[in-house]
There are 2 protein chains.
Amino acid sequence: MAAHMTPEEFRRYGHEMVDWIARYWENLENLPVTPDVRPGEVAARLPEQAPETGEDFTAVLADLDRVITPGMAHWQHPAFFGYFPANTSGPSVLGDLVSAGLGVQGMLWSTGPAATEVETVVLDWLADLLDLPKRFRSTSSGGGVIQDSASSAALVATLAALHRAGGGAWRTEGVRREYTVYTSTQAHSSIEKAARIAGIGDRNVRLVEVDEAYAMRPDALRAALDADRAEGRIPALVVATIGTTSTTAVDPLPEIGEICREYGVWLHIDAAYAGAAAVCPELRWSHAGLEYADSYCFDPHKWLLTGFDCDAFWVADRAELVQALTVLPEYLRNAATESGEVIDYRDWQVPLGRRFRALKLWFVLRWYGAEGLREHIRSGVATAQRFAEWVRADERFEIAAPHPFSLVCFRLRDSNASDDSGASDDSDAANDSDAANEELLRRVNATGQAFLTHTRVGGRYVLRLAVGAPSTQERHAAGAWKLIQAAADDLDAG
Amino acid sequence: MAAHMTPEEFRRYGHEMVDWIARYWENLENLPVTPDVRPGEVAARLPEQAPETGEDFTAVLADLDRVITPGMAHWQHPAFFGYFPANTSGPSVLGDLVSAGLGVQGMLWSTGPAATEVETVVLDWLADLLDLPKRFRSTSSGGGVIQDSASSAALVATLAALHRAGGGAWRTEGVRREYTVYTSTQAHSSIEKAARIAGIGDRNVRLVEVDEAYAMRPDALRAALDADRAEGRIPALVVATIGTTSTTAVDPLPEIGEICREYGVWLHIDAAYAGAAAVCPELRWSHAGLEYADSYCFDPHKWLLTGFDCDAFWVADRAELVQALTVLPEYLRNAATESGEVIDYRDWQVPLGRRFRALKLWFVLRWYGAEGLREHIRSGVATAQRFAEWVRADERFEIAAPHPFSLVCFRLRDSNASDDSGASDDSDAANDSDAANEELLRRVNATGQAFLTHTRVGGRYVLRLAVGAPSTQERHAAGAWKLIQAAADDLDAG
Ligand SMILES: Cc1ncc(COP(=O)(O)O)c(C=O)c1O
Ligand SMILES: Cc1ncc(COP(=O)(O)O)c(C=O)c1O
C-alpha cells in the first residue's frame, strides 16, 4: 500500500494549514501587493524533478513561505485594486474544503444527488436575491448552473443560440458560415473567444458602436442586423453587458431586448462583475430589461465573496440548452436520468465531470445572509464613490467614464487640454499624456503598496481602480490615492 | 462592513471542518456507497429562500450530516467501483485548501507568477514521471497545462487542430464544413462533444471500427481518411485513446501515428484514465508510439490521487496552441506578457480566469513521491487482476474484454451459450441474458455495500468493476465479488 495520509495526519496538517491561511490573511496588509520577481525566478527555487520518495509535510509547508508567498500577486490584499476583484471569504474557503474532502464527481444527478440538488436550490435562492425573472428558476422553464467562468458561460450560451438558429441542424451539420454574433466594442474578449471556439470566426462577430457612456447603441445594433440580413447572413446571438470590463458601462437592455425579440435572436447577458450589485435594490436599475434575456450570467467569484471558480449561469429554457449539449453514451445511462425527473448538470456545460462547487456558494449565502451580501456591495460602491470625489477635487486629474458601481476610471488630464493647437499636435500631446499616465501607473504599482490596472477608452490610456476585496476599507483607497498624488507630484517635478 | 469571518473564527471553524472530513473518511466504510434518495428529496430538506441575516456556522456544519452525507454517492468509499475512480487524497485536499485561501486568479503570469511557474514545473515533473516525449516539456517546444477535465482538453486539442488545418484562416473565417474528425467507436463521448462545440457537427465525426480487443483498426482509419479526401473533405484531427472508457482498450499508436504523419493530421491522445499507469515502467507499453502525438492528456483526478478538477494536458508545439486561442484586449496587456518571456495560461484554455490548481498536484507528488504513485497504481492493478481470476473461476461468468489496468468487464454468460438454435432465438436469448446482467447489477448496487456500473460492448450488456479509490483493498473487491455471486445465486434460484 502507498503511504496514504492517515486521518490523524490529515487532522494535524489540516489544522496547520488552516492556521497558515489565517496568518496569511492577518499578515496580508504587510506584504507587497504584487511581487518583485523576474520570469523564471520561482521555477528556479524548485527542484528539477519530483522526489523519488515522499517528503515530510513540514517541508511542503515551509515552501509556502519560501516559494509561494513571495511569488504571488495577492488578490485578497486590501490594496489590490486591479482588474475586477476576485473575492473569497472564510465560508467560501470552508465550502471548498468540504467539497475537496467529499471528492464527489457530480456529473449526473445519480453520481451525487445532493451535489446536484443543492446547486439547483442555491441558484434559485440567488435568482431571488438578484430578483431575476421568474422563468430563470428551476421551478419554471429555466434554471441555474455553476460554470467555472463567465467565459464558459458565454460559450455555452453561444452554443445554445447556434442550436436554436440552426433549428436543430447545428448539432449534426455543424456551424454555418452565415451565422453572426453581435456585441459591443466594449464587450469582454471572452465573447469573441467563445465565438471563435464555436467555429463562428472572428470576422463574423460584429462589434457594435457605443454611445458617449460606452453603452451599446441600439440603433447601431439594428443597423448591423439589417445589413447582415440583407446579405443573407443569419444573426444567431446578441451579447449585452451589464458592467463592461473597461468602465462598467451598462448596455440598454430594454431597447436591445426589443430588437432581439423582433429579429428572433438569442440574447445573452454578461454581468460577470456587476451582476452581484443586483442584490441591492438601489442598483437594480442596471438589470432593467432582463426579462428579454434567454440567458444571463454573473460571477460570484468576482464580487460576491465566493472563491474562484464560481460563475452563476441561468437559462430561460433549460430544454434548449440540454438539447444543444447532450451526448448520452451507454456507460452514463442510469435509471434516474431515464425517469426524466432529475437534472444532469453535465448537459449544461462543456466538461463532463464536476466538483461540488455549490457548497461554497451555499456556505457564503448562509454565513452572510442577504443582508451581509448587500453590505459588502454597498461598502465597495461607497468607497469607490469617495475615491471618485478625491479624483474630481484634484484638477490635474479627470474622471474618464461614469462609475455607477465600484470601479473608477480616471487619468491625468492632457497637460495642454486648454491649448488650441492643430490636429497633429493634439495627437502628439495625447501620446505624451498617455505615456504620462502609463508612467504614473508604473510608479504607483512599483511601490508594492497598491495595485491598479489600466485600459483604453476612446483611444486614450486610462487608469482603473476597482474596489471590492472583502478586506478593503476606505483607508486603503485613501492610501492608494495618496500614492497616486505623490507619483503625479514627482511627474510634475520632472 | 459586512460581518466577515474573522481569522480567529476561521481557525475555529476550519479546524472543525478538517476534523469533520477526517471523521467522514474514517467512517466511510460504514456508509452505504450510494444513497437511497428520490429526486427532490435533498432539495426538500432546504429552505425555499436564502436567509435574510447570516446564520450561525454550527447550523451549517450540522447540515453536512443532515443534508449532504445521506444524499451523496460516496466516490471515496472503498467499495465504489463505478465509472472510473475519482481519486482524492489528504495532500490533494490540503493543496486545494491553500489555493482557496490564497484566492489568486492566475490568468496571466503577472497576476500570479508562482501559480504559473509551479504549474509549468510540476507538469514537467509529471512528464518525466510518465516518460513522455521530450518535446512535451516546457524546456523544449511544448509544455503542460492543467485543464479542468479531459473533455476540455479534447476541446482545446480540437481547436488547435482546426487552426492548423485551416492554415490560420480558422480563427477569422470560422469552421469549414469540410473538416472531419476521427476517433474509434469506443472513444469517450467527450470527443464527439468537443467536435460539436467546435462547430464541426456530429456527422463529420467518423467513428472508426475497432478490432476484437476494442482497439482502433488502423486500416479502417486509413480507409476513412481516404474516403473523405476523395470527397474533398479536410481531415483535421485524429483522437486515439489509451484506456477506453468501456473496457480500457489501447489504440495502436505506432500505426495510427504513422498514418497521421502521412496525412498531416493532428493526433491527440486521450489517456484520461490510463495515463496514470505510465508512472509504472511495466505499464508503459500502453504509451508506445506517443512520440507521434501533437497533444496528450490524462486525468490525475481519476487515478493519480489528485482531487477533481485536474486534467494534465500537453502539447508538442505551444506556439500553435496559443495562436489558436489568444485574444488580447488592452485591459490584459502587461509588461511581462509583452516581454515574451512568460507563459500566460489563459491562452492555453477556454476560460479566462484560473485557480491555482497546481498546488494540489505539487503536494501530491511531494507527499507520495514517484514511489508512492507507483505503489498506488500497482495496488489497483493487482486487485483488479485478482478480481478477474475470481470471475474466471466461476463458470457462470465470463470476462468480456482484456483488462490490462484496473478495470474488469464481465458478465453472466448467456444461459444457452452452448445451445445451437437459430438467429432469432439467439437474439432473444441475448436479450434475456442482458436483462439478467442488468438485474444482477441492480441487486448488487441496491445492497449499498458496493457500487458498479455497466456498459455495452459488442452490443452486449456488461458489468464494469473499476478499482482505484485510495482506500480500496483486496478485501473490498472480495466483498463485492461475494455480493455478485450471491445475486447470481438468487437469480439462478428464480
Ligand atoms: C464583463 C466581463 N465578462 C467576462 C469576464 C470573464 O470572466 P471569467 O474569468 O469569469 O471568464 C470578465 C472578466 O473580467 C468581465 O469583466
Ligand atoms: C477515455 C476518457 N476520456 C475522457 C473522459 C472524460 O473525463 P473528464 O470528466 O475529465 O472530462 C473519460 C471519463 O471517464 C474517459 O474515460
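As the structure is a prediction and not an experimental result, all values here were calculated from the model.

Rules and cut-offs
- Residues numbered from 1 in each chain as written.
- Chains lettered and ligands numbered in written order.
- Predicted model: local features only at pLDDT ≥ 70, side-chain atom pairs only at ≥ 80, totals over all residues.
- Heavy atoms only, no water.
- Helix = DSSP H or I, 4+ residues; strand = E, 2+ residues; numbered from the N terminus.
- Rg over C-alpha atoms; globule rule 2.2 N^0.38 Å.
- Buried < 20%, exposed > 50% of the residue type's maximum accessible area, 1.4 Å probe, protein only.
- Contact = heavy atoms within 4.5 Å.
- Areas by Shrake-Rupley, 256 points an atom, 1.4 Å probe, with all protein chains shown as cover.
- Pairing = 2+ DSSP bridges.
- Axes fitted to C-alpha atoms, helices over the stretch in contact; angles between N-to-C directions.
- Near = heavy atom within 4 Å.
- Polar contact = N/O pair within 3.5 Å; in protein donor to acceptor, adjacent residues only side chain to side chain.
- Nonpolar A, V, L, I, M, F, W, Y, C, P; charged D, E, K, R; others polar.
- Core = buried A, V, L, I, M, F, W, Y, C linked by side-chain atoms within 4.5 Å.
- pLDDT = per-residue confidence, 0-100.
- Least-squares fit on C-alpha atoms with pLDDT ≥ 70 in both.
- Disulfide = S-S within 2.5 Å.
- Buried area = accessible area lost by both parts, 1.4 Å probe.
- Salt bridge = Lys/Arg side-chain N within 4 Å of Asp/Glu carboxyl O.
- Domains from an automatic or database assignment.
- UniProt positions renumbered as here; feature names shortened; annotations may be inferred.
- Parallel < 35°, antiparallel > 145°, perpendicular 65-115°, else oblique.
- Left-handed = near helix turned anticlockwise from the far one by under 90°.

A tally of regular secondary structure across chain A gives 16 helices and 11 strands. Computed over the C-alpha atoms, the radius of gyration of chain A is 24 Å, within 12% of the 23 Å expected from 2.2 N^0.38 for a compact globule of 494 residues. Overall, chain A is about 75 × 70 × 45 Å in size when its C-alpha atoms are taken along their principal axes. Among the 494 residues that make up chain A, the fraction classed as buried is 66%. Taking contacts inside chain A between residues at least 6 apart in sequence as the whole, the part at least 24 apart equals 75%. If you sum the accessible surface of chain A, you get close to 15900 Å²; carbon and sulfur atoms cover 48% of it.

Residues and elements named next belong to chain A. The sheet built from 7 strands is open, its strands ordered β1-β7-β6-β5-β4-β2-β3 with mixed pairing. If you trace the sheet from one side to the other, it starts and ends with β1 (143–147) and β3 (205–208), each paired once. Averaged over all neighbouring strand pairs, the angle between strand axes comes to 20 degrees, with direction disregarded. Inspection of the sheet shows β1 paired to strand β7 (residues 311–315) by 5 bridges, in the antiparallel sense.

In the vicinity of ligand 1 there are 15 residues, among which A:Ala150, A:Ser151, A:Thr245, A:Asp270 and A:Asp299 approach most closely. Residues near ligand 1 are shared among chains A and B, making this a multi-chain site. At 2.9 Å from an oxygen atom of ligand 1 is found a side-chain nitrogen or oxygen belonging to A:Lys302. Within the complex, the protein chains bury 96% of what would otherwise be the 400 Å² of accessible surface of ligand 1. Among the elements of the structure, α6 (150–165) and α11 (300–303) of chain A are those that each provide at least two residues to the shell around ligand 1. Of the residues that constitute the shell around ligand 1, the class distribution is 4 nonpolar, 8 polar and 3 charged.

Ranked by size, the top nonpolar core spans 294 residues in total, and within it A:Ile68, A:Leu126, A:Tyr296, B:Ile68, B:Leu126 and B:Tyr296 carry the most contacts. Counting residues in hydrophobic clusters, the runner-up holds 76 residues, among them A:Trp266, A:Ile343, B:Ala187 and B:Val315.

Attention now moves to the confidence of the model for chain A. When pLDDT is averaged along chain A, the result is 95; 97% of the residues meet or exceed 70. When the criterion is pLDDT under 50, residues 416–423 of chain A qualifies, and its contacts beyond four places in sequence or with other chains add up to 3 contacts.

So, on to the relation of the copies chain A and chain B. The operation relating chain A to chain B is a screw motion whose rotation component is 180 degrees, with 0.0 Å of axial translation and a residual RMSD of 0.0 Å. Taken together, these values place the two copies in the relation of a two-fold axis. A symmetric contact is evident, with 100% of the interface residues of chain A recurring at the interface of chain B.

Residues and elements named next belong to chain B. By the definition in use, this model includes 0 disulfides over all chains. Looking at the unpaired Cys 280, the closest cysteine sulfur is the one in Cys 310, lying at 18 Å. When its relative accessible area of 0% is taken as the criterion, Cys 280 is described as buried. In this structure Cys 297 is not part of a disulfide, and its nearest cysteine sulfur, from Cys 310, lies 11 Å away.

Opposite the 157 residues of chain A that make contact, chain B presents 157 residues. Both sides together, the interface formed by chain A and chain B hides about 13900 Å², and carbon and sulfur atoms give 64% of it. Our count for the chain A to chain B interface comes out at 16 salt bridges. Between A:Arg203 and B:Glu173 there is a salt bridge; the shortest N-O distance is 2.7 Å. Linking chain A to chain B there are 69 residue pairs in polar contact (both at pLDDT 80 or more). Of the residues forming the side of chain A that touches chain B, the biggest block, 18 residues, is contributed by helix α1 (residues 7–27) of chain A. Split into classes, the residues belonging to the side of chain A that touches chain B amount to 81 nonpolar, 39 polar and 37 charged.

A separate point is the pairing of strand β11 (residues 460–466) of chain A. All names here are of chain A. Burial of β11 is extensive: 7 of the 7 residues sit out of reach of the surface. By the alternation rule, side chains of β11 split into Arg 460, Val 462, Arg 464 and Ala 466 and Tyr 461, Leu 463 and Leu 465, which are all buried. Sheet analysis places strand β9 (residues 407–412) next to β11, joined by 4 bridges and oriented antiparallel. Looking across to β11, one finds that Leu 407 is bridged to Ala 466. Alignment of strand β10 (residues 453–457) against β11, held across 5 bridges, turns out to be antiparallel. Looking across to β11, one finds that His 454 is bridged to Leu 463. Between β10 and the antiparallel strand that follows it, β11, lie 2 residues; Gly 458 among them carries a positive phi value of about 55 degrees.

A word on the domain arrangement of chain A. Residues and elements named next belong to chain A. Domain parsing of chain A yields domain 1 (104–355) and domain 2 (366–493). Relative placement of domain 1 and domain 2: their C-alpha centres are 31 Å apart. Each side of the interface is counted separately: domain 1 has 25 residues, and domain 2 has 25 residues. Counting the surface lost from both domain 1 and domain 2, the interface buries some 2000 Å², and carbon and sulfur atoms represent 72% of this. At the junction of domain 1 with domain 2, the criterion picks out 1 salt bridge. Residue Arg 378 pairs with Glu 282 through a salt bridge whose shortest N-O separation is 2.6 Å. Along the contact surface separating domain 1 from domain 2 lie 6 residue pairs in polar contact (both at pLDDT 80 or more). Taken together, the residues that form the side of domain 1 that touches domain 2 break down as 17 nonpolar, 7 polar and 1 charged.

Bringing the site of ligand 2 into the picture now. Lining the immediate surroundings of ligand 2 are 15 residues, of which B:Ala150, B:Ser151, B:Thr245, B:Asp270 and B:Asp299 lie closest. Residues within reach of ligand 2 are spread across chains A and B. Within the backbone of A:Gly353, a nitrogen or oxygen atom sits 3.2 Å from an oxygen atom of ligand 2. Note that a nitrogen atom of ligand 2 is positioned 2.6 Å from one of the side-chain N or O atoms of B:Asp270. For ligand 2, the protein covers 96% of the area, taking 400 Å² as the surface of the free molecule. Those elements that provide at least two residues to the shell around ligand 2 are α6 (150–165) and α11 (300–303) of chain B.

Attention now goes to the UniProt feature "modified residue: N6-(pyridoxal phosphate)lysine" (unreviewed entry) in chain A. All names here are of chain A. In the numbering used here, UniProt assigns the "modified residue: N6-(pyridoxal phosphate)lysine" (unreviewed entry) feature to Lys 302. You can see Lys 302 is positioned in helix α11. With residues near it in sequence (within four places) discarded, Lys 302 still touches Phe 84, Pro 85, Ala 86, Asn 87, Ala 272 and Tyr 273.

Quick look at the packing of α6(A) against helix α8 (residues 189–197) of chain A now. Residues and elements named next belong to chain A. The N-to-C vectors of α6 and α8 enclose an angle of 45 degrees; their axes lie 9 Å apart at closest approach. On the basis of their axis angle, the class for α6 and α8 is oblique. The way α6 lies across α8 gives a crossing that is right-handed. For the pair α6 and α8, contact is made by Ser 151, Ala 154, Leu 155 and Thr 158 and by Ser 190, Ile 191, Ala 194 and Ile 197, respectively. Counted by class, the contact of α6 with α8 contains 5 nonpolar, 3 polar and no charged residues.

Looking now at the side chain of A:Thr158. Residue and element names in this part refer to chain A. You can see Thr 158 is positioned in helix α6. Look at Thr 158 and you get buried, because its relative accessible area is 4%. Residues within four places of Thr 158 in sequence aside, it is in contact with Ala 194, Ala 198, Ile 200 and Leu 237.

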